[in-house]
Amino acid sequence: MGRFDACHRESASHTSNAPWRGIAVSCCISMDYRRACHVDGFRFYLRSYLRPQHLHCLQRMNAPNPNSDTIAAISTPPGRGGIGIVRLSGPQAASIAVQLVRLRHPLEHARARLADVADDGAAGETGRIDEAVVTLFAAPNSYTSEDLVEIAAHGSPVVLELLLGRALGFGARLAEPGEFTQRAYLSGKLDLTQAEAVRDLIAAQTLTQARLAASQMGGALSRRVEPVKTALIELVALLEAGIDFAEDDIDVTPQAEIARCIGELMLPLAALEASFARGHIVHDGLTLAIVGRPNAGKSSLFNCLVQRDRAIVTATPGTTRDTVAERISLDGIPLELVDTAGLREAAEEVEQLGIARSREAMADAALVIVVLDATEPLNDEERRLLAAVENRPAVVVVNKSDLVETGRSLPDCGSLPVLATSALTGEGIHELRERILLLATGGAAAEPGMLTSLRHQQAVAAALAALADATESNASSIPHEMILLDLYRALTALDSLTGQTTPDDILNLIFSTFCIGK
Ligand code: GDP
């Protein structure tokens, strides 16, 4: 009892200097603490959880509040538009906003207010240059948890620059990229995976990407990780209790029980890591190169897949001289299709250059479609091509199937899948799409809370590696202190995923990839 109280006081004193940031830490600890109460030895949970690596987190949270300044930025894209928004966040957001514009009514939380934007340089006091709608979101009920003001004027860069310049003149500081979201994260409003999802939503190019980002913004990934983390903390508390009370009545947890608990932690984490196979391609997309001899029907197949006449189709071989690229969405996966110049011994210099580009496109692509002509026997160039893609994710398409008798056997291409298609009749195109999807995803289905970024995958992989070490330590009957070291490593890795123990330099790197004004 004494020890827990001391620890609780310790954590309270850590948080007392920075009220709002401290609250976030206290809440996260007390929520975890409530869960840990279910296990023996709960009194020591906090002491054991607050290891040096976690104190780092507290220190970061308790550093002098850097957000005493007010930031400002133009939050709409550069250029002209119907409306443009200047955003301010921080303690002086409202007081600066009232000096920027002539409000017709006082600011009130979440109420839009009409205002005039005055032209300082104009003679007389009526020199109105624009009309704006000003909305205050008062702390803590705003995106950043601070006072936040949005001034929506007409989307004239001149007016927006004027407003921003004036805001800076009244004491605001120009916001860094992603700084509004960084403040939301630091206030505990979003965890790191949710903050990253805001950036992904803005960058989304397909509806599936937007949906994935939106579900992560809603905490889908954090919800998948949270139960594992809770169970891990419970196991840590159990082992710590056994160590602290070795001389008391607390039973030492049997080896088999520890192995079972670790195994149960690894299962959902392994499934989460496996979701990266699909998650990362939905997030990043893939490039697919269509290669083959001239006139095999590459451009025709390319047009079938992009569902419009994008590439020029002619009966004259060697007319595609350069690569043509088009982005499509295949079951939500962004695919960049690249149509290439036909591969053959070319006489002309321009065709030779095109062929060199084809080879480069093939080398760069994640997936390859090799197009053969059903009416022609395999030539040496095609044999070399098939050998070059043998161990890569590739599919062989025998095109112009409409020109040969049905049921004709397809060439043996070793381990590569072979399909018959006709770009003319559409035969086999559906199967080709399915095959591309299979190659792209490796058969992994879409699921909620998929891992989409390498940072997330590496955090989960690190947690899994630490748990594998814990399993090994447990199997070799070494003291529980050593198993605990591995378990704490796993905990730190999971914490870094949601941002509870992410070092500042990594945080700065993440937020620097955001756009200004978000
Ligand atoms: P590429 O040089 O490999 O890009 O081939 P193209 O797509 O330009 O096609 C060459 C010629 O073959 C054109 O006259 C096309 O209309 C024709 N072609 C392409 N695919 C098919 C097909 O599946 N069936 C038939 N009958 N003709 C095709």
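Definitions and limits used
Residues numbered from 1 in each chain as written. Predicted model: local features only at pLDDT ≥ 70, side-chain atom pairs only at ≥ 80, totals over all residues. Heavy atoms only, no water. Core = buried A, V, L, I, M, F, W, Y, C linked by side-chain atoms within 4.5 Å. Buried < 20%, exposed > 50% of the residue type's maximum accessible area, 1.4 Å probe, protein only. Helix = DSSP H or I, 4+ residues; strand = E, 2+ residues; numbered from the N terminus. Contact = heavy atoms within 4.5 Å. Polar contact = N/O pair within 3.5 Å; in protein donor to acceptor, adjacent residues only side chain to side chain. Pairing = 2+ DSSP bridges. Axes fitted to C-alpha atoms, helices over the stretch in contact; angles between N-to-C directions. Salt bridge = Lys/Arg side-chain N within 4 Å of Asp/Glu carboxyl O. Patch = residues over 30% accessible without salt bridge, like charges linked within 9 Å, V, L, I, M, F, W, Y side chains within 5 Å. Areas by Shrake-Rupley, 256 points an atom, 1.4 Å probe, with all protein chains shown as cover. Lys, Arg positive; Asp, Glu negative; His and termini not counted. Charge placed at Lys NZ, Arg CZ, Asp CG, Glu CD. Expected span 1.5 Å × (residues − 1). Parallel < 35°, antiparallel > 145°, perpendicular 65-115°, else oblique. Nonpolar A, V, L, I, M, F, W, Y, C, P; charged D, E, K, R; others polar.

**Student:** Help me get a handle on the nonpolar core, residues and values and all.
**Tutor:** In this structure, Leu-232, Leu-269, Leu-467 and Leu-487 are the most contacted members of the largest nonpolar core, which totals 32 residues. Going through the elements one at a time, α10 (220-244), α11 (255-274), α17 (454-475) and α18 (480-498) are the ones with two or more residues in this core. Considering every element that reaches this core, the biggest residue donor is α18, with 9 residues. Each residue touching Leu-467, except ones within four places of it in the same chain, is listed here: Leu-232, Ile-262, Leu-265, Met-266, Leu-269, Leu-487 and Ala-490. Judged by nonpolar contacts, the second largest core, of 31 residues, contains Val-282, Ile-429, Leu-432 and Ala-440.

**Student:** Before we move on, can you summarise the side chain of Thr-144 with the specific residues and values?
**Tutor:** The topology assignment puts Thr-144 in the loop between β5 (128-137) and β6 (148-155). By relative accessible area, which is 1% here, Thr-144 ends up buried. Of note is the side chain of Thr-144, whose polar atom sits 2.9 Å from the side chain of Ser-89.

**Student:** Give me the lowdown on the sheet that holds strand β9 (residues 324-330), citing residues and values where you can.
**Tutor:** By definition, the strands of a sheet pair up through backbone hydrogen bonds, in either a parallel or an antiparallel sense. Read from one edge to the other, the open sheet built from 6 strands follows the order β9-β10-β8-β11-β12-β13, with strand pairing classed as mixed. Strands at the two margins of the open sheet, each flanked by one partner only, are β9 and β13 (418-420). If you compare each strand with its neighbour and ignore which way they point, the axes differ by 25 degrees on average. Pairing of strand β8 (residues 286-292) with strand β10 (residues 333-339), which is carried by 5 bridges, proceeds in the parallel orientation. Counterpart to Leu-286 in the pairing with β10 is Leu-335. Sheet contacts for helix α12 (residues 276-284): β8 and β10; angle to β10, the most-contacted strand, approximately 65 degrees.

**Student:** Residues and numbers for the pattern of salt bridges, please.
**Tutor:** Tallying each qualifying case throughout the model produces 26 salt bridges. With its nearest N and O atoms 2.8 Å apart, the salt bridge here joins Glu-257 to Arg-260. Of the two residues, Glu-257 and Arg-260 are both situated in helix α11; the distance of 3 residues between them amounts to about one turn of the helix. We classify Glu-257 as partly exposed; its relative accessible area is 29%. Note on Arg-260: relative accessible area 40%, which makes it partly exposed. Two residues, Lys-400 and Asp-373, come together in a salt bridge whose shortest N-O distance is 3.2 Å. Residue Lys-400 is located in the loop between β12 (394-399) and β13, and its partner Asp-373 is located in strand β11 (residues 367-373); the two are separated by 27 residues in the primary sequence. With a relative accessible area of 21%, Lys-400 lands in the partly exposed category. Taking relative accessible area as the criterion, Asp-373 reaches 7% and is therefore assigned buried. Here the salt bridges share partners, and the residues they tie into one network are Asp-69, Glu-146, Arg-173, Glu-179 and Arg-183.

**Student:** Describe a negative patch on the surface, and please don't skip the residues or the numbers.
**Tutor:** Together, Asp-402, Glu-427, Glu-431 and Glu-434 line one region of the surface with negative charge. With respect to the helices, strands and loops of the structure, Glu-431 is situated in helix α16 (residues 429-441). A relative accessible area of 40% means that Glu-431 is categorised as partly exposed.

**Student:** Describe unusual backbone geometry, naming the residues involved and giving the relevant values.
**Tutor:** Between Ala-139 and Pro-140 the backbone carries a cis peptide bond, its omega angle lying at 0 degrees. Locating Pro-140 in the fold gives a position in the loop between β5 and β6. Phi is positive for Ser-145, close to 75 degrees, though the residue is something other than glycine. Secondary-structure assignment places Ser-145 in the loop between β5 and β6. The backbone of Asn-295 shows a phi angle near 75 degrees, a positive value even though the residue is not glycine. With respect to the helices and strands, the residue Asn-295 is situated in the loop between β8 and α13 (298-306).

**Student:** How would you sum up α17? Please name residues and give values.
**Tutor:** Between the first and last C-alpha of α17 there are 31 Å, a value that for 22 residues agrees with the 32 Å anticipated at 1.5 Å per step. Three or more residues of α17 are buried, namely Arg-455, His-456, Gln-457, Ala-459, Val-460, Ala-463, Leu-464, Ala-466, Leu-467, Ala-470, Ser-473 and Asn-474. Remark: Ser-477 follows α17 within two positions and exhibits a positive phi of approximately 55 degrees.

**Student:** Describe the pairing of β6, listing the residues and the values that go with them.
**Tutor:** Bridge count for strand β2 (residues 81-89) against β6 is 8 bridges, and the pairing is antiparallel. Paired with Val-86 across the strands is Ile-151, a residue of β6. Where β5 meets β6, 5 bridges bridge the pair, whose relative direction is antiparallel. Residue pairing in the sheet places Thr-135 in a bridge with Glu-150 of β6.

**Student:** Break down the packing of α17 against α18 for me, with residues and values.
**Tutor:** Between α17 and α18, the shortest axis-to-axis distance is 8 Å and the interhelical angle comes to 170 degrees. Considered as vectors, α17 and α18 are oriented roughly antiparallel to each other. Within the contact between the two elements, α17 uses Arg-455, His-456, Ala-459, Val-460, Ala-462, Ala-463, Ala-466, Leu-467, Asp-469, Ala-470, Ser-473 and Asn-474 and α18 uses Ile-483, Asp-486, Leu-487, Arg-489, Ala-490, Ala-493, Leu-494, Ser-496 and Leu-497. Residues of the contact of α17 with α18, tallied by class, amount to 13 nonpolar, 4 polar and 4 charged.

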